[in-house]
Amino acid sequence: MRAAILHAVGNDKLDIRDDVTLTPVGPAEVRVRIKATGVCHSDLSAMSGVLPQPVPLILGHEGAGEVVEVGEHVTSVKPGDHVVISWRPACQECDLCVGGQPYLCMKYVIESFTKGNFRFGGDGATAFGMAGCGTWAEEIVVPWQGAIRIDDDVPWEAAALIGCGITTGVGAAINTAKVRPGSTVAVIGCGGVGLSVIQGARVSGARTILAVDPLESKHELARKVGATHAVTPEQVPETLAALTGGSGFDYGFEVVGKAATIQSAWQLTRAGGEVIVVGAGSTDDMVSLSAFNLLFEGKTLKPSLYGESDVRHDFPYFAKLHKTGLLDLESMISARIRLGDLNDAVEALRGGEVLRQIVLMD
């Protein structure tokens with residue numbers, strides 16, 4: 001089968017080849033034929049080493065497809081089912097899972113660094129899947145907890161987006177912040193995840209949603225999916241004064257993954273408000289907040305990993321929101337491409353202008 005392989009961290013180009021095979025399906029695993037997969041900024045972070053991953057690596061973690069084969073112990077799905085891939089499968093047995101925080105479960109994250117489900121080349125070299133997935137391949141093998149069934153009438157492109165960008169962003173607004181109706185929201189970063197945060201805030205009933213992005217080309221789409229205002233960083237001070245009287249927003253979402261923008265989100269948020277960190281940053285990018293301000297401004301700084309979602313509920317729920325018109329997923333797609341176009345897609349993502357490019361496998 002075909003797949004796109006990264007041979008070394010820091011490489012700019014992927015090796016797109018057609019001699020990749022899968023390991024046999026284990027008793028608790030599922031083999032999925034990928035139908036659509038997204039090109040996400042986290043894939044770039046894996047290529048650069050910001051998000052540590054083993055190599056050789058088949059990138060891609062945002063995908064959907066059809067179940068081809070299941071292990072003997074699998075009862076959650078069957079061949080022919082349509083599924084969304086979860087890049088953070090929860091074991092459903094540890095204290096975190098049982099305690100209501102399945103998005104923090106590390107069992108399969110750890111396993112993904114030692115278990116490679118792909119083979120390639122004449123010597124059968126092992127390749128790993130990004131986050132244990134590797135959706136930039138025509139087929140993958142994942143734990144049964146990583147294949148979540150959805151209705152068959154959900155378009156593959158929409159289902160793929162639910163696998164990461166939508167769940168991360170909408171979940172940050174609905175699950176982590178629990179945005180209240182009538183509240184005010186600022187979102188820094190209007191890529192695919194930032195636009196999803198905006199949609200989550202809109203669905204939650206926020207009355208004012210400010211989108212902040214240096215690329216004015218993204219402002220129109222931000223307004224289309226729910227932002228009431230859109231500005232560049234330079235325009236923030238005057239907008240903050242006009243919309244909040246200078247007091248700040250109830251919620252400030254950072255969807256870039258930089259210390260500087262986390263501090264900007266802190267400054268945009270009112271005393272007693274909530275600052276939600278959604279962007280994935282590097283291990284050496286340190287955030288500086290004074291102990292005085294941390295105490296006396298009364299703000300809450302929260303991380304939001306994978307939208308704090310229980311994907312068993314949230315994947316089908318977000319699919320229903322899309323089908324009823326409450327989530328606009330079609331507008332999030334900037335291009336539909338093929339597997340062979342992935343090097344061009346990665347370069348386009350580096351340029352910053354594109355949102356979600358969706359790879360269609362058929």
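Throughout what follows, the structure given in this document is the object of discussion. Quick caveat: nothing in here was measured; it's all calculated off a predicted structure.

### Side note on the overall build of the chain
Next up, step 1: Along the backbone of the chain there are eleven helices and 19 strands.
Next up, step 2: Computed over C-alpha atoms, the radius of gyration of the chain comes to 20 Å, within 12% of the 21 Å expected from 2.2 N^0.38 for 362 residues, which places it in the range of a compact globule.
Next up, step 3: Taken along the three principal axes of its C-alpha coordinates, the chain extends 65 × 40 × 40 Å.
Next up, step 4: Across the 362 residues of the chain, 55% fall into the buried class.
Next up, step 5: By sequence separation, contacts in the chain at least 24 residues apart represent 70% of the contacts at least 6 residues apart.
Next up, step 6: For the chain, the accessible area works out to roughly 14,600 Å², and carbon and sulfur atoms hold 53% of it.

### Focus on the packing of helix H4 (residues 156-176) against helix H5 (residues 192-204)
Next up, step 1: Following both chains from N to C, one finds H4 and H5 inclined at 40 degrees, their axes separated by 7 Å at the closest point. When the axis of H4 is compared with that of H5, the two are oblique. H5 is crossed by H4, and the crossing has right-handed handedness. Residues Gly165, Ile166, Thr168, Gly169, Val170, Ala172, Ala173 and Ile174 of H4 form the contact with H5, whose own contacting residues are Val193, Ser196, Val197, Gly200, Ala201 and Ser204.
Next up, step 2: Residues of the contact of H4 with H5, tallied by class, amount to eight nonpolar, six polar and no charged.

### Comments concerning the environment of Gly146
Next up, step 1: Here Gly146 lies in the loop between strand E10 (139-143) and strand E11 (147-149).
Next up, step 2: Leave out the neighbours within four places in its chain, and Gly146 touches Val84, Ile85, Ser86 and Pro89.

### A look at the sheet that holds strand E15 (residues 249-254)
Next up, step 1: Taken in spatial order, the six strands of this open sheet run E14-E13-E12-E15-E16-E17, and their pairing is parallel. On the outer flanks of this sheet lie strand E14 (229-231) and strand E17 (300-303), each paired with one strand and no other. Strand-to-strand twist of the sheet, defined as the mean angle between neighbouring strand axes without regard to direction, takes the value 20 degrees.
Next up, step 2: Of the pairings in the sheet, the one linking E15 to strand E16 (residues 269-277) comprises five bridges and is parallel in character. Opposite Gly252, over in E16, you have Val275 as the bridge partner.

### Comments concerning the pairing of E15
Next up, step 1: The element E15 is extensively covered by neighbouring structure, given that six of its six residues are classed as buried.
Next up, step 2: Of the pairings in the sheet, the one linking strand E12 (residues 184-188) to E15 comprises four bridges and is parallel in character. Across the sheet, Val185 pairs through a bridge with Tyr251, a residue of E15.
Next up, step 3: Regarding the hand of the β-α-β motif, the stretch spanning E15, helix H8 (residues 259-268) and E16 is right-handed.

### Some words on the packing of aromatic side chains
Next up, step 1: Taken as a whole and assessed by the stated rule, the structure comprises four aromatic pairs.
Next up, step 2: Within the aromatic cluster, the residues linked to one another by ring pairs are Trp87, Tyr306 and Phe315.

### Some thoughts on the sheet that holds strand E3 (residues 21-22)
Next up, step 1: Across the sheet, six strands lie side by side as E2-E1-E5-E9-E8-E3; this open sheet has mixed pairing. The sheet is open, and its two borders are formed by strand E2 (15-17) and E3, each paired with just one other strand.
Next up, step 2: As defined by bridge partners, strand E1 (residues 3-6) adjoins strand E5 (residues 57-58) across two bridges and the pair is classed as antiparallel. The residue of E5 that forms the bridge with Leu6 is Leu57.

### Considering the pattern of salt bridges
Next up, step 1: If you walk through the whole model with that rule in mind, you get 19 salt bridges.
Next up, step 2: Measuring nitrogen to oxygen at the nearest pair gives 2.9 Å for the salt bridge that ties Arg336 to Glu157. Of this pair, Arg336 sits in strand E18 (residues 333-337) while Glu157 sits in helix H4, and the two are 179 residues apart along the sequence.
Next up, step 3: Judged by its relative accessible area of 40%, Arg336 is partly exposed.
Next up, step 4: Accessibility expressed as a relative area gives 16% for Glu157, which makes it buried.
Next up, step 5: Taking the shortest distance from any N to any O, the salt bridge between Glu274 and Lys302 comes out at 3.4 Å. Separated by 28 residues along the polypeptide, Glu274 in strand E16 and Lys302 in strand E17 bring together distant segments of the chain.
Next up, step 6: The structure contains a network of salt bridges with shared partners spanning Arg31, Arg33, Glu69 and Glu139.

### Things to note about the environment of Gly171
Next up, step 1: By the element assignment, Gly171 lies in helix H4.
Next up, step 2: What makes Gly171 buried here is its relative accessible area of 0%.
Next up, step 3: Along the sequence, Gly171 and Ile34 sit 137 residues apart, while their C-alpha atoms lie 24 Å from each other.
Next up, step 4: Excluding residues that lie within four positions of it along the chain, Gly171 makes contacts with Ile166, Thr176, Gly307, Ser309 and Phe318.

Procedures and definitions
- Every chain's residues receive numbers from 1 upward, in the order its sequence appears when written.
- The model is predicted, so local features are restricted to residues of pLDDT at least 70 and side-chain atom pairs to those at 80 or more, both for listing and for counting; the totals for chains, interfaces and linings are taken over all residues.
- Working from all heavy atoms in the structure, the side-chain values ignore hydrogens and water.
- Under the DSSP-based scheme used, a helix requires at least four consecutive residues in state H or I and a strand at least two consecutive residues in state E, with every element numbered from the N terminus.
- Our radius of gyration looks at C-alpha atoms and nothing else; its globule reference is 2.2 Å times the residue count to the power 0.38.
- Three labels apply to residues, based on accessible area from a 1.4 Å probe with only protein chains included: buried if under 20% of the type maximum, exposed if over 50%, partly exposed otherwise in between.
- It only takes one pair of heavy atoms within 4.5 Å for two residues to be counted as in contact.
- With residues, only the protein chains shown are counted as cover, and all accessible areas are computed by Shrake-Rupley using a 1.4 Å probe.
- Working convention: axes come from line fits to C-alpha atoms, limited for helices to the stretch in contact. Angles between N-to-C directions cover 0 to 180 degrees.
- Any angle that is under 35 degrees is reported as roughly parallel, and any over 145 degrees as roughly antiparallel; angles of 65 to 115 degrees are reported as roughly perpendicular and all others as oblique.
- Handedness of a crossing is defined here by the sense of rotation of the near helix relative to the far one, left-handed for an anticlockwise turn of less than a right angle and right-handed for a clockwise turn.
- The nonpolar class holds Ala, Val, Leu, Ile, Met, Phe, Trp, Tyr, Cys and Pro. Asp, Glu, Lys and Arg form the charged class, and all remaining residues, Gly among them, are polar.
- Strand pairing is assigned whenever DSSP identifies at least 2 bridges connecting the two strands.
- Handedness of a crossover: with both strands directed away from the viewer, a clockwise path from the first strand across the helix to the second marks it as right-handed.
- Planes of paired rings set the category: under 30 degrees apart is stacked, over 60 is edge-to-face and the rest tilted, where pairs are Phe, Tyr or Trp rings (Trp by its six-membered ring) whose centres lie within 6.5 Å.
- For this analysis, a salt bridge means a side-chain nitrogen from Lys or Arg found within 4 Å of a carboxyl oxygen belonging to Asp or Glu.

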